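Residue strings, one per chain:
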Amino acid sequence: MKPNTQQLSDLTIQVRRDILRMVHAVNSGHPGGSLGCTEFLVTLYQSIMDRKEGFDMDGIGEDIFFLSNGHISPVFYSVLARSGYFPISELATFRLLNSRLQGHPTTHEGLPGVRMASGSLGQGLSVALGAAQAKKLNGDNHLVYTLHGDGELQEGQNWEAIMYASAKKVDNLIATVDVNGKQIDGTTDEVLAMGSLRAKFEAFGWDVLEIAEGNNIDAIIAGYADAKSRTGKGKPVCVLLHTEMGNGVDFMMHTHAWHGKAPNDEQLANALAQNYSKDQVDY
């Protein structure tokens, strides 16, 4: 049975605690975008995707996911561990030497759940397109999901892939853009304004929908039910997921300052106090 909204919310709190503790422990990492995407990734893995037990790189007979904006690895690792891909205790090795949990996910470490290295931005959609077309060739009707940062779309390879996806009618793909309006040096409009992402994707031949409350679990579930209903109709599907960077920690929200900065001891205690659950089980 799929978890209900309360169970998903409880897990979201747990994952936020993991993110904060992982980044604090090594004084390194990217908490802002990780916190902003926590509700999405928890709901994706726990409720939306059709997943098999265990892990293999082929992913035949199940939905698969590619993280393109790999710097938000803390949320990805936590969700993978909490979804049973590897021991939760391994989260304590985040960014340490010889750890499988490096700052950006890699495949050569053999970490279950990781299907591509995403240290360099802008490449996730290209890889996902190959996987989606492979599913079609294999007669596998499952879907391919991706996640991208809005700032990441300032890089050109994305647009080659976006053009290819519609030209080749890759309609078993749902690409999500985390639209938080912020990146490492400021707002996306200040760094390199992109205008209307919806208009751009539609001009490239995609079917586009928006989830205005991207940190609301019920809105995410409803939005992706809509997105899945649009697959198989000749167009790739794009979800513009409007989130708040640093969501769940008041002093990390409404600023780009926590894109790649770890909290100190006092800040960690404050942040964890804002994300308390009587059922939490920290690693």
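Structure: above.
Moving on, we come to the overall build of the chain. Each helix and strand counted, the chain has 10 helices and seven strands in total. Taken over the C-alpha trace, the chain has a radius of gyration of 18 Å; the compact-globule value for 283 residues is 19 Å, and the two agree within 12%. Taking the principal axes of its C-alpha atoms as reference, the chain extends roughly 50 × 45 × 35 Å. Out of the 283 residues belonging to the chain, those deemed buried represent 53%. For the chain, long-range pairs separated by at least 24 residues make up 76% of all intrachain contacts whose partners lie at least 6 apart in sequence. Surface summary for the chain: the accessible area is close to 11700 Å², and the carbon and sulfur share equals 50%. Side-chain charges of the chain comprise 23 positive and 33 negative groups, with the mean position of each set lying 5 Å from the other.

So, on to the sheet that holds strand E1 (residues 64-67). Across the sheet, which stays open at both edges, the five strands sit in the order E1-E2-E3-E7-E6 with parallel pairing between neighbours. In this open sheet, the two strands that pair with only one neighbour each are E1 and strand E6 (207-211). Across this sheet, the average inter-strand angle for adjacent strands is 20 degrees, counted without regard to direction. Bridge count for strand E2 (residues 144-149) against strand E3 (residues 173-179) is six bridges, and the pairing is parallel. The partner of Gly-149 across the bridge, within E3, is Asp-178.

If you walk through the whole model with that rule in mind, you get three cavities of 30 Å³ or more. In this structure, the largest cavity occupies an estimated 70 Å³ of space. Tyr-45, Met-49, Arg-51, Phe-55, Glu-62, Asp-63, Ile-64, Phe-65, Tyr-85, Gly-113 and Arg-115 are the residues that line the largest cavity. Of the residues in the lining of the largest cavity, the class split is six nonpolar, one polar and four charged.

Leu-44, Tyr-45, Phe-65, Phe-86, Tyr-145 and Tyr-224 are the most contacted members of the largest nonpolar core, which totals 52 residues. Ranked by residue count, the leading element in this core is helix H1 (residues 5-26), at seven residues. When neighbours within four sequence positions are excluded, Tyr-224 is seen to be in contact with Phe-40, Ile-48, Tyr-145, Ile-174, Thr-176, Ile-211 and Val-239. The next biggest cluster of nonpolar side chains, apart from the first, holds 26 residues, and it includes Ala-131, Leu-153, Ala-165 and Ala-175.

Let us now look at the pairing of E6. Two faces belong to every sheet, and in a regular strand the side chains alternate between them. Bridging between E6 and strand E7 (residues 237-242) involves five bridges; their strand directions are parallel. In the sheet register, Leu-209 faces E7, and the bridge partner there is Val-239. Since E6 and E7 lie parallel, the crossover through helix H9 (residues 217-229) that links them has a hand, and here it is right-handed.

Moving on, we come to the side chain of Glu-244. Summarising the element assignment, Glu-244 is placed in the loop between E7 and helix H10 (265-273). Judged by relative accessible area, Glu-244 falls into the buried class, the value being 16%. Within the local environment of Glu-244, its side chain forms a polar contact with the side chain of Lys-182, the two groups lying 3.4 Å apart. In this structure Glu-244 touches Gly-36, Lys-182, Asn-215, Met-253 and His-254, once residues within four positions along its chain are discounted.

Here is what the cut-offs are and how they apply
Residues numbered from 1 in each chain as written. Predicted model: local features only at pLDDT ≥ 70, side-chain atom pairs only at ≥ 80, totals over all residues. Heavy atoms only, no water. Helix = DSSP H or I, 4+ residues; strand = E, 2+ residues; numbered from the N terminus. Rg over C-alpha atoms; globule rule 2.2 N^0.38 Å. Buried < 20%, exposed > 50% of the residue type's maximum accessible area, 1.4 Å probe, protein only. Contact = heavy atoms within 4.5 Å. Areas by Shrake-Rupley, 256 points an atom, 1.4 Å probe, with all protein chains shown as cover. Lys, Arg positive; Asp, Glu negative; His and termini not counted. Charge placed at Lys NZ, Arg CZ, Asp CG, Glu CD. Pairing = 2+ DSSP bridges. Axes fitted to C-alpha atoms, helices over the stretch in contact; angles between N-to-C directions. 1 Å grid on protein atoms, 1.4 Å probe; cavity = no way out; pocket = protein on both sides within 12 Å on 5 of 7 lines; lining within 4 Å. Points joined across faces, edges and corners; volume = space filled by probe spheres on them. Nonpolar A, V, L, I, M, F, W, Y, C, P; charged D, E, K, R; others polar. Core = buried A, V, L, I, M, F, W, Y, C linked by side-chain atoms within 4.5 Å. Right-handed = clockwise from strand over helix to strand, strands pointing away. Polar contact = N/O pair within 3.5 Å; in protein donor to acceptor, adjacent residues only side chain to side chain.

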